[in-house]
Amino acid sequence: MSPSTTSESSTAPDSPPIVGSPAAGAPIALTARAPHVPADRLVAEMVPPPRFGAARFDTYLPDPNQPSQAEAVTVLRAFAAGLGGGASAAPGGKASGKAGGNAGGMKRWFRRGGGSTAPSGPRGVYLDGGYGVGKTHLLASLWHAAPAAPEFKAFGTFVELTNLVGALGFQQTVQTLGGHRLLCIDEFELDDPGDTVLVSSLLSRLVEQGVALAATSNTLPGKLGEGRFAAADFLREIQGLSAHFRPLRIDGEDFRHRGLPQAPAPYDDETVTKVAYRTECASLDDFPSLLDHLSQVHPSRYGAMCDGVRAVCLTGVEPVPDQSTALRLVVLADRLYDREVPVLVSGKPFEELFSEEMLKGGYRKKYFRAISRLTALARDAKELVEA
């Protein structure tokens with residue numbers, strides 16, 4: 001997904017978008033929005049998204065049938081305590097006490113050495129697991145638990161991190177993040193050699209400056225070994241990345257659908273349109289037109305494109321025509337899920353969005369995650385129909 005060269009209208013970070021503002025009483029049109037996102041907003045928004053703003057280790061509910069989930073909480077609590085270093089570790093030593101001797105090892109990971117000598121051991125944890133096992137919840141909990149002011153810790157997806165480098169440049173990104181205590185990277189992607197080389201170089205520089213790392217996985221199927229990185233096409237870079245992380249496997253089922261009823265079937269166009277008109281700050285778009293519009297807006301701006309939108313209504317949902325379009329839709333689904341925006345649709349159900357070939361290919365983890373998240377948002381949208 002390459003940056004778009006489309007013309008855009010400027011929008012202040014804290015003000016409602018000017019482009020695409022609807023007439024009184026009319027739904028918002030996402031297809032009329034092409035927001036400009038200043039670089040300083042990209043940096044300021046590197047915090048857990050609204051859905052995970054209240055995420056804490058205590059609010060994570062491990063599946064009793066999956067012991068790796070409870071183990072992950074214990075390890076990450078110790079990891080957070082180790083970030084404090086000495087007296088500034090977790091207050092009262094609670095986290096380190098719970099983790100026993102493991103916490104001491106964590107503290108050794110994050111002890112800053114003199115000069116620019118790189119640490120000998122891993123300075124991060126890598127949460128490896130399927131979609132819907134709570135990896136993002138745990139990553140956000142770690143961010144909140146880390147004993148540092150918000151301006152000294154950053155949280156973003158792999159895509160957002162590469163977008164930041166694109167906006168600031170490599171050296172400025174190193175300077176901006178180099179003074180941080182912790183960098184959390186959600187949905188770490190190993191499907192593009194160029195991005196992998198870029199991020200490998202960035203993380204190496206940040207580790208040299210004492211920044212601790214945490215990431216969740218979103219890698220090519222068959223390219224991720226059990227508990228370790230593996231990618232034959234750019235193995236040296238992957239080996240360099242893996243040296244920064246201690247892998248932590250998290251097993252389990254997709255919690256978004258655990259014990260919940262099936263998502264409602266798609267509605268008809270008339271129902272979706274009526275709901276859009278009677279729901280405050282709802283958007284209404286034709287699905288093929290929205291897909292075309294996404295190709296004109298850089299994915300780093302999809303979040304801003306959804307500013308102020310409280311429900312997304314789409315008519316004529318159909319299978320996406322190609323992989324580039326599918327990957328853009330995945331990013332939009334992530335931004336909507338982060339913001340807890342219900343999605344109401346007519347046309348085909350979400351499980352038919354991606355072709356069988358796509359669901360068996362190299363990006364299948366992304367597509368299954370998108371289906372899972374959109375299904376959860378469709379379930380939330382049912383209330384809008386019944387209101």
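In this text, all values refer to a predicted model and were calculated from it rather than measured experimentally.

A. The overall build of the protein chain, seen in detail. Looking only at helices and strands, one finds 15 helices and 10 strands in the protein chain. Per-residue burial over the protein chain gives 51% buried out of 387 residues. Counting contacts in the protein chain only where the partners sit at least 6 residues apart, residues at least 24 apart contribute 84% of the total. Of the roughly 16,900 Å² of accessible surface on the protein chain, 51% is carried by carbon and sulfur atoms.

B. Local environment of the packing of helix H6 (residues 158-168) against helix H7 (residues 170-177). Direction vectors running N to C along H6 and H7 enclose 115°, while the axes themselves pass 7 Å from each other. Of the two possible hands of crossing, H6 and H7 adopt the one that is right-handed. Side by side, H6 and H7 meet where Leu161, Leu164, Val165 and Leu168 of the first sit next to Phe170, Gln172, Thr173, Thr176 and Leu177 of the second. Of the residues belonging to the contact of H6 with H7, the class tally is 6 nonpolar, 3 polar and no charged.

C. Spotlight on the pairing of strand E9 (residues 311-317). In terms of residue burial, E9 counts as a mostly covered element, since 6 of its 7 residues are buried. Sheet analysis places strand E8 (residues 282-286) next to E9, joined by 5 bridges and oriented parallel. Note on E9: the bridge partner recorded for alanine 282 is alanine 311. As paired strands, E9 and strand E10 (residues 343-347) are joined by 4 bridges and run parallel to one another. Looking across to E10, one finds that leucine 314 is bridged to valine 345.

D. The arrangement of a negative patch on the surface in detail. A surface patch of negative charge is lined by Asp268, Asp269, Asp286 and Glu318. Given a relative accessible area of 37%, glutamate 318 falls into the partly exposed group.

E. Main features of empty space enclosed by the protein. Tallied over the full model, the rule gives 5 cavities of 30 Å³ or more. By volume, the largest cavity is sized at about 70 Å³. Every element with two or more residues in the lining of the largest cavity is listed here: E9 and helix H13 (323-338). For the lining of the largest cavity, the leading source of residues is H13, giving 4 residues. Here the residues of the lining of the largest cavity sort into 10 nonpolar, no polar and no charged.

F. Fine view of the sheet that holds E9. Taken in spatial order, the 3 strands line up as E8-E9-E10 in an open sheet, and their pairing is parallel. The sheet is open, and its two edges are formed by E8 and E10, each paired on a single side. Shown here is a sheet whose adjacent strand axes are inclined to one another by a mean of 15°, direction ignored. Strands in contact with helix H11 (residues 287-294) are E8 and E9; relative to E9, the strand with the most contacts, it is inclined by about 110°.

G. How the structure looks around the layout of surface pockets. By volume, the second largest pocket amounts to about 530 Å³. Considering the residues around the second largest pocket, the lining is formed by 28 residues, among which Glu45, Val47, Glu160, Arg335 and Arg339 are closest to the centre. Going through the elements one at a time, helix H1 (39-44), strand E2 (153-157), H6, helix H12 (302-305) and H13 are the ones with two or more residues in the lining of the second largest pocket.

H. Expanded view of unusual backbone geometry. With a phi close to 55°, glutamate 187 is a non-glycine residue in the positive phi region. A relative accessible area of 7% places glutamate 187 in the buried class. A positive phi angle is found at cysteine 281, which is not glycine, with a value near 60°. Take cysteine 281: it is sitting in the loop between helix H10 (269-278) and E8. Cysteine 281 sits in the partly exposed class, given a relative accessible area of 30%.

Rules behind the numbers
Residues numbered from 1 in each chain as written. Predicted model: local features only at pLDDT ≥ 70, side-chain atom pairs only at ≥ 80, totals over all residues. Heavy atoms only, no water. Helix = DSSP H or I, 4+ residues; strand = E, 2+ residues; numbered from the N terminus. Buried < 20%, exposed > 50% of the residue type's maximum accessible area, 1.4 Å probe, protein only. Contact = heavy atoms within 4.5 Å. Areas by Shrake-Rupley, 256 points an atom, 1.4 Å probe, with all protein chains shown as cover. Axes fitted to C-alpha atoms, helices over the stretch in contact; angles between N-to-C directions. Left-handed = near helix turned anticlockwise from the far one by under 90°. Nonpolar A, V, L, I, M, F, W, Y, C, P; charged D, E, K, R; others polar. Pairing = 2+ DSSP bridges. Patch = residues over 30% accessible without salt bridge, like charges linked within 9 Å, V, L, I, M, F, W, Y side chains within 5 Å. Salt bridge = Lys/Arg side-chain N within 4 Å of Asp/Glu carboxyl O. Lys, Arg positive; Asp, Glu negative; His and termini not counted. Charge placed at Lys NZ, Arg CZ, Asp CG, Glu CD. 1 Å grid on protein atoms, 1.4 Å probe; cavity = no way out; pocket = protein on both sides within 12 Å on 5 of 7 lines; lining within 4 Å. Points joined across faces, edges and corners; volume = space filled by probe spheres on them.

Remember, this is a structural readout, not a statement about activity or role.
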